Amino acid sequence: MAIDAPVRDGVPDRTPGDGPHGGDTPARPTPSARGALRPLLLRLHFYAGLLISPLLLVAAVSGLLYALSFQAEKIVYRHELTAPVGERVLPLAEQVEAARKAHPDATVTAVWPAAEEDATTRVLMAGPEVPEDRSLAVFVDPYTAEVRGALPSYGSSGALPLRTWIDQLHANLLLGEPGRVYSELAASWLWVVALGGVLLWLGRRRTARRALVLPESGPASRRRTLSWHGSVGLWSAAGLVLLSATGLTWSAYAGENIGAVKDRLGGATPTVAATLDGAAPAVGGGHEGHGAGHGTTPPAAAHAGAPGAGTDIGIDRAVEAARGVGVDGKISVTVPAEGTGYVVRQTDTQFPVHLDAVALDPADGTVMDRLRFADHPLPAKLTRFGIDAHMGVFLGLANQLALAALALALIGLILWGYRLWWLRRPTRDRALGFGRPVPRGAWRKVPVTLVLPLAGATALVGWFVPLLGLSLLAFLAVDVLLGALARTRRPARAS
């Protein structure tokens, strides 16, 4: 939610149609704490919406493109992702061997067996020409072992070049690590602006209850714009807050604090132990996510050996052993590296999820470790659900459509907010002007018993979400400077 309608010069702004007969009357000033807080909240909402909305608009537009990229990938990469249905699926070892012959300089790291009848098997490879945060995905026809193409693949969701480009645009504006400041700043303020807008909208006095949740029709006016801004903001607030919270888990600064709190609560995501007896522990992969700046998932087992070599039972027997303990369906197979075994993971993120994992000894296929998703700590489960929902994979197409709807709602809220700001511009004293915020000094009307706890809570949140705290201090500094300039101009005008 962007910019609510502030009062003009300390007086509630009325437009034709407001009042008892128009169905929506702004709240009247009262000596209560609620009445004293409203002007302060209006001023914060005004400045935050005005200054942060450009970042939110970029995030919303790129987020909309990302939500649509899943279906776009199926069209753009249809040749690589699909294959004609044949009579018999070949062993995985033959499919992997075909990928290895097509790319002899690369090393197989993982295999994603075809999950549908008309899908290809994806063989992930690492090599000298493959960036460390990417894999080379080789697409193999499971019925003929024909290699249908190869594309760079990124992250645990296997994003291909189109989705990866859009994802990085959303995460860091294609600027790498410095660009993450933009997305973290947007995520830091999104929940503040959304919840502040909800409080302002609920606090308005209205004669018709339907005006709270349904936008008004009629001729274009500030009143109708405000109605759409408030109603759509109310409906979308919960989703926007969820996007803000999950987005912050990938952030550089707030993300560290969130991770530390989660670890203290015992919510660290467990991993299956695949290290063989006597071998050095393998270096673990990292935070599953999407996009540069959203956490990187390096290619698994970066220098894995060939399945079936030496005492290796082979990938087909490993998959069969995993199925024997219930790890089946849509899976990924990490092939053994030096000192590690096979790791077979379920990858079905659609609810109800199937995300169990098992580690197998490559010598005989015995189970070394098994990890059931049902045994994950509750904070780890909630984090996984939230991240997958943010990425659009939790509920599949329904999730992606919901993300697209939220992105469109946020775009609309921003545009309506700027229109409200423009409609509040003064038109009599000068040809061009801009909307005015609530007059300064609103905080002085708030009782001290409320100011102190509010200031303490703000400081705590600003410390936990650093970019929010720093930008808020910047807003206050600019506001104080503008106030000082305004005071110096008054004596000059009077003289």
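Look a little higher up for the structure.
Small disclaimer: the values here were computed from a predicted structure and weren't measured. (Residues numbered from 1 in each chain as written. Predicted model: local features only at pLDDT ≥ 70, side-chain atom pairs only at ≥ 80, totals over all residues. Heavy atoms only, no water.)

Engineer: How should I be thinking about helix H4 (residues 161–172) in this particular structure?
Structural biologist: Side chains three or four residues apart in an α-helix point the same way, a direct result of the helix having 3.6 residues per turn. Over its 12 residues, H4 extends 16 Å from the first C-alpha to the last, a length consistent with the 16 Å expected when each residue adds 1.5 Å. Those residues of H4 not exposed but buried are Arg163, Thr164, Ile166, Asp167, Gln168, His170, Ala171 and Asn172. Looking one or two places after H4, you find Leu173, whose phi comes out positive at around 60°. (Helix = DSSP H or I, 4+ residues; strand = E, 2+ residues; numbered from the N terminus. Expected span 1.5 Å × (residues − 1). Buried < 20%, exposed > 50% of the residue type's maximum accessible area, 1.4 Å probe, protein only.)

Engineer: Help me understand the pattern of salt bridges, please; the structure alone is not making it clear to me.
Structural biologist: When the charged atoms of two side chains lie near each other, side chains of opposite charge can form a pair. Enumeration over the complete set of coordinates arrives at 9 salt bridges. For Arg372, the salt bridge goes to Asp375, with nearest N and O atoms at 3.2 Å. In this structure, Arg384 and Asp388 form a salt bridge, with 2.8 Å as the shortest nitrogen-oxygen distance. Of this pair, Arg384 and Asp388 both sit in helix H10 (residues 378–391), separated by 4 residues, roughly a single helical turn. For Arg384, a relative accessible area of 23% puts it in the partly exposed group. We classify Asp388 as buried; its relative accessible area is 4%. (Salt bridge = Lys/Arg side-chain N within 4 Å of Asp/Glu carboxyl O.)

Engineer: Explanation requested: a nonpolar patch on the surface in the structure shown.
Structural biologist: A cluster of nonpolar side chains, Val478, Leu481, Leu482 and Leu485, forms an exposed patch at the surface whose accessible area comes to about 340 Å². Classification of Leu481 as exposed rests on a relative accessible area of 52%. (Patch = residues over 30% accessible without salt bridge, like charges linked within 9 Å, V, L, I, M, F, W, Y side chains within 5 Å. Areas by Shrake-Rupley, 256 points an atom, 1.4 Å probe, with all protein chains shown as cover.)

Engineer: Looking at this model, I keep getting lost on helix H9 (residues 315–324). Mind explaining?
Structural biologist: Restricting attention to buried positions, one finds in H9 the residues Ile315, Ala318, Val319 and Ala322. Viewed end-on, H9 has its buried residues packed into an arc of 100°, placing them on one side of the element. Counted as exposed and oriented over 90 degrees from the buried face of H9: Glu320, Arg323 and Gly324. Where H9 is buried, its residues meet helix H3 (92–102), strand E2 (107–112), strand E7 (331–334), strand E8 (342–346) and strand E9 (357–360). Gly326 lies just past H9 and shows a positive phi near 95°. (Arc of directions from axis to C-beta. Contact = heavy atoms within 4.5 Å.)

Engineer: Sorry, what's going on with unusual backbone geometry here?
Structural biologist: Among all residues save glycine, negative phi is the norm, and among peptide bonds the norm is trans. With an omega of -5°, the peptide bond between Phe351 and Pro352 qualifies as cis. Looking at the element boundaries, Pro352 is found in the loop between E8 and E9.

Engineer: What should I look at first to understand the nonpolar core in this one?
Structural biologist: Where a protein is soluble and globular, its nonpolar side chains tend to be buried together. Ile52, Leu56, Trp189, Leu240 and Leu410 are the most contacted members of the largest nonpolar core, which has 33 residues in total. When contributions to this core are tallied by element, the ones reaching two or more residues are helix H1 (33–76), helix H5 (180–203), helix H7 (222–248), helix H11 (397–423) and helix H13 (466–494). Contact partners of Ile52, with chain neighbours within four places excluded, come to Tyr47, Leu185, Trp189 and Phe475. Counting 24 residues, the second largest nonpolar core, distinct from the first, contains Met125, Leu136, Val138 and Val344. (Core = buried A, V, L, I, M, F, W, Y, C linked by side-chain atoms within 4.5 Å.)

Engineer: Explanation requested: the sheet that holds E7 in the structure shown.
Structural biologist: Strand order in the open sheet formed by 8 strands is E5-E4-E3-E2-E7-E8-E9-E10, and the pairing between neighbours is antiparallel. Only two strands of the sheet have a single neighbouring strand rather than two, namely strand E5 (147–153) and strand E10 (367–371). Across this sheet, the average inter-strand angle for adjacent strands is 20°, counted without regard to direction. Summarising the sheet, E8 and E9 pair through 4 bridges and their orientation is antiparallel. Opposite Tyr342, over in E9, you have Leu360 as the bridge partner. In this fold H3 packs onto E2, strand E3 (121–126), strand E4 (135–140) and E5, with an angle of close to 45° to the strand it touches most, E3. (Pairing = 2+ DSSP bridges. Axes fitted to C-alpha atoms, helices over the stretch in contact; angles between N-to-C directions.)

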